[in-house]
Amino acid sequence: MIKNQALIDSGYLLTEFPLDPVVLNFLQEENWKALDQHFLEISKSNGTLRNFLMQFLDFETLEHIIAIRKAPLDDEGIWHDDGSRFLGFSLSLNRKPKAIEGGVLNFRRKESKDMVSFSPLPYGKIVLFLSGIYGYEHQVSAVTKGERIIIAGWCS
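Draft legend 1. How the structure looks around the overall build of the protein. When helices and strands are tallied, the protein shows 4 helices and 10 strands. Listing every helix and strand of the protein by position from the N terminus yields α-β-α-α-α-β-β-β-β-β-β-β-β-β. For 156 residues, the compact-globule estimate of 2.2 N^0.38 gives 15 Å, and the protein sits close to it at 15 Å. Of all 156 residues assigned to the protein, the portion counted as buried reaches 47%. A total of about 8200 Å² of accessible surface is found on the protein, and carbon and sulfur atoms cover 52% of it. Charge centroids of the protein, computed over 17 positive and 20 negative side chains, lie 3 Å from each other.

Draft legend 2. Representation of the sheet that holds strand β1 (residues 12–16) in the model. Spatially, 5 strands are ordered β1-β7-β3-β10-β2 in an open sheet, and the strand pairing comes out antiparallel. The open sheet has two edge strands with one neighbour each: β1 and β2 (62–70). For this sheet, the mean angle separating the axes of adjacent strands, direction not counted, is 20 degrees. Strands in contact with helix α3 (residues 32–43) are β2, β3 (87–92) and β10 (147–155); relative to β2, the strand with the most contacts, it is inclined by about 150 degrees.

Draft legend 3. Focus on helix α2 (residues 22–29). Along α2, the residues that are buried comprise Val 23, Phe 26 and Leu 27. The buried residues of α2 occupy one face: seen down the axis, they fall within an arc of 100 degrees. α2 presents Gln 28 and Glu 29 as exposed residues on the side facing more than 90 degrees away from its buried surface. Tucked into the core, α2 has its buried residues touching α3 and β10. Residue Glu 30 follows α2 closely and has a positive phi angle near 50 degrees.

Draft legend 4. Structural view of the sheet that holds strand β6 (residues 116–118). Pairing within the open sheet is antiparallel, and its 3 strands lie in the order β6-β5-β8. Each edge of the open sheet carries a strand with a single partner, namely β6 and β8 (136–140). In this sheet, adjacent strand axes meet at a mean angle of 20 degrees when their direction is disregarded. For strand β5 (residues 105–109) and β8, the ladder comprises 5 bridges, and the chain directions are antiparallel. Directly across from Arg 109, in β8, lies its bridge partner Tyr 136.

Draft legend 5. A look at the nonpolar core. Within the largest apolar cluster, 37 residues are counted, with the highest numbers of intra-cluster contacts made by Phe 39, Leu 53 and Phe 89. Residue assignment for this core shows that the elements contributing at least two residues are α2, α3, α4 (48–54), β3, β5, β7 (125–130), β8 and β10. Ranked by the residues each element gives to this core, the list is headed by β7, at 5 residues. Discounting residues that sit within four places of it in the chain, Phe 89 has contacts with Leu 49, Leu 53, Leu 62, Glu 63, Ile 126, Val 127, Leu 128, Phe 129, Ile 151, Ala 152, Gly 153 and Trp 154.

Draft legend 6. Molecular detail of the pattern of salt bridges. This model, assessed by the stated rule, comprises 8 salt bridges. Linking Glu 16 and Lys 125 is a salt bridge whose minimum nitrogen-to-oxygen distance equals 3.6 Å. In this pair, Glu 16 sits in strand β1 while Lys 125 sits in strand β7, placing the two residues 109 residues apart along the sequence. Two residues, Glu 147 and Lys 70, come together in a salt bridge whose shortest N-O distance is 3.4 Å. One end of the pair, Glu 147, is in strand β10; the other, Lys 70, is in strand β2, and 77 residues separate them in sequence. With a relative accessible area of 46%, Lys 70 lands in the partly exposed category.

Calculation notes
Residues numbered from 1 in each chain as written. Predicted model: local features only at pLDDT ≥ 70, side-chain atom pairs only at ≥ 80, totals over all residues. Heavy atoms only, no water. Helix = DSSP H or I, 4+ residues; strand = E, 2+ residues; numbered from the N terminus. Rg over C-alpha atoms; globule rule 2.2 N^0.38 Å. Buried < 20%, exposed > 50% of the residue type's maximum accessible area, 1.4 Å probe, protein only. Areas by Shrake-Rupley, 256 points an atom, 1.4 Å probe, with all protein chains shown as cover. Lys, Arg positive; Asp, Glu negative; His and termini not counted. Charge placed at Lys NZ, Arg CZ, Asp CG, Glu CD. Pairing = 2+ DSSP bridges. Axes fitted to C-alpha atoms, helices over the stretch in contact; angles between N-to-C directions. Contact = heavy atoms within 4.5 Å. Arc of directions from axis to C-beta. Core = buried A, V, L, I, M, F, W, Y, C linked by side-chain atoms within 4.5 Å. Salt bridge = Lys/Arg side-chain N within 4 Å of Asp/Glu carboxyl O.

Put into structure tokens, the structure is as follows:
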């Protein structure tokens, strides 16, 4: 069940998630294993990420991946709806978002040409968005300059 009226009304919500200072260290060291482990920990019961997301909806399962997209080898993503998941999210770990070209998160109702677009966001910003079971889909454009790093996740 979705608990946030703004999320219900628009299908998405842009807000901020307070990241632990250790995340910056993992990014600087490119220690992807430690970064992934950190997000596994904060996704557990009573973890900060799980508790944060529970403000917006009720769910049982929380999944994530570290998504790193670099120019010039990046491809345009396809429109997709994340299947039976309730909610997707894109948590920015970009320290220099203005140095990134492309990597735009596009979001829309299925079958619509009207979309909302989010250029690479600054560190700690998070976009929450409803999935296919609510009639929405999303896509990420190719990164043509720089490197885009996010935590992509799903609640079901």
